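Take a look at the letters that make up each chain.
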Amino acid sequence: MIEQRILPAVKNMKDFEKLLESDTNYIVLLDTRIALLKSLVRYSKKTGKKVFVHTDLIQGLKTDEYGMEYLGQEVKPDGVISTRTSVIQQAKKYKMTAIQRMFLIDSHAIDHNLKLLRKTKPDYVELLPGILPGQITAIKEAIGVPIIAGGLIRNHQEVDQAIEAGATAISTSRSDLWHF
């Protein structure tokens, strides 16, 4: 269970280094390349951080069965984030926390994604954009999976609204919201 209100999502080395020295327990790795991934995860774990890798954004990583085998056996992050159901299924195979990303585009997309979520049974669902408290509540009730709200959250008021609506945590790359 994620026991932290804010999940900092890192896009650059400067922020990564800042997080290694912070009190955060978690780091979400976004835009990076496969050549750096293993060492970033290793450094994070040396400082006691749990690492979630956004597989869809790792340059050079093909998120097929073999790419997931590489992640699960060599890189060994604590979890993965992806829009792809096959990645979520493979993550479970390698005992990584599986976070399925879901975009709130329209009612048809939501209905389709709810069907997929019921089949894949991820550990968490990351909803984007995270500024729709009514959707956070409805989707959490519909699938019974903890929700992470992400995307377009700009201030502490929007963080509070998402948490009050039922989100377990907020993922954000906005360093001004990273207070631990």
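The structure we're discussing is the one just above.
Residue positions are given per chain, counting from 1 as you read along its sequence in written order. Only residues with pLDDT of at least 70 get local features here, since the model is predicted, and only at 80 or more are side-chain atom pairs given and counted; chain-wide, interface and lining totals rely on the full set of residues. Side-chain figures throughout are based on the complete set of non-hydrogen atoms in the structure, without hydrogens or water.

### Thoughts on the side chain of Glu 126
- By the criteria applied, helices consist of DSSP H or I runs no shorter than four residues and strands consist of E runs no shorter than two, each listed in order from the N terminus. Within the secondary structure, Glu 126 sits in strand E8 (residues 124–128).
- Under this definition, polar contacts are N or O atom pairs within 3.5 Å; protein pairs additionally need one hydrogen-donor-capable and one acceptor-capable atom, and for neighbouring residues in sequence, both atoms have to be side-chain atoms. Here Ser 171 takes part through its side chain, which lies 2.4 Å from a polar atom of the side chain of Glu 126.

### Focus on the sheet that holds strand E2 (residues 26–29)
- Pairing between two strands is assigned when DSSP locates at least 2 bridges connecting them. Strand order around the closed barrel formed by eight strands is E1-E2-E4-E6-E7-E8-E9-E10, with parallel pairing between neighbours. Along the sheet, successive strands turn relative to each other by an average axial angle of 25°, direction set aside.
- Note that strand E6 (residues 79–82) and strand E7 (residues 97–103) share four bridges and pair parallel. Within E7, the residue paired with Ser 82 across the bridge is Gln 100.
- Two residues qualify as a contact provided that any one of their heavy atoms is within 4.5 Å of a heavy atom in the partner residue. Note on definitions: angles span 0 to 180 degrees between N-to-C directions of axes, and those axes are lines fitted to C-alpha atoms, for helices only across the stretch in contact. Of the strands in this sheet, E6 and E7 touch helix H4 (residues 85–93), which is tilted by about 165° from E7.
- Packing against the sheet, helix H5 (residues 107–120) makes contact with E7 and E8, and its axis sits at approximately 170° to E7.

### Topic: the pairing of E8
- Most of E8 sits inside the fold, with five of its five residues counted as buried.
- Here E8 shows two buried faces, one formed by Tyr 124, Glu 126 and Leu 128 and the other by Val 125 and Leu 127.
- Bridge count between E7 and E8: five bridges; the pairing is parallel. Directly across from Met 102, in E8, lies its bridge partner Leu 127.
- Crossovers are marked right-handed if the path from the first strand over the helix to the second runs clockwise, as seen with the strands pointing away from the viewer. The parallel pair E7 and E8 is bridged by H5, and the resulting crossover is right-handed.
- Strand direction decides the pairing type here: E8 and strand E9 (residues 147–150), joined by three bridges, are parallel. Paired with Val 125 across the strands is Ile 147, a residue of E9.
- Crossover connection from E8 via helix H6 (residues 133–143) to parallel E9: handedness right-handed. Only protein chains enter the accessibility calculation, which uses a 1.4 Å probe; a residue whose area is less than 20% of its type maximum is buried, one above 50% is exposed, and one in between is partly exposed.

### Some points on the environment of Arg 118
- With respect to the helices and strands, Arg 118 occurs in helix H5.
- Exposure remark for Arg 118: the relative accessible area of 43% places this residue in the partly exposed category.
- Each C-alpha atom, one on Arg 118 and one on Gly 144, is 9.4 Å from the other, the two residues being 26 residues apart in sequence.

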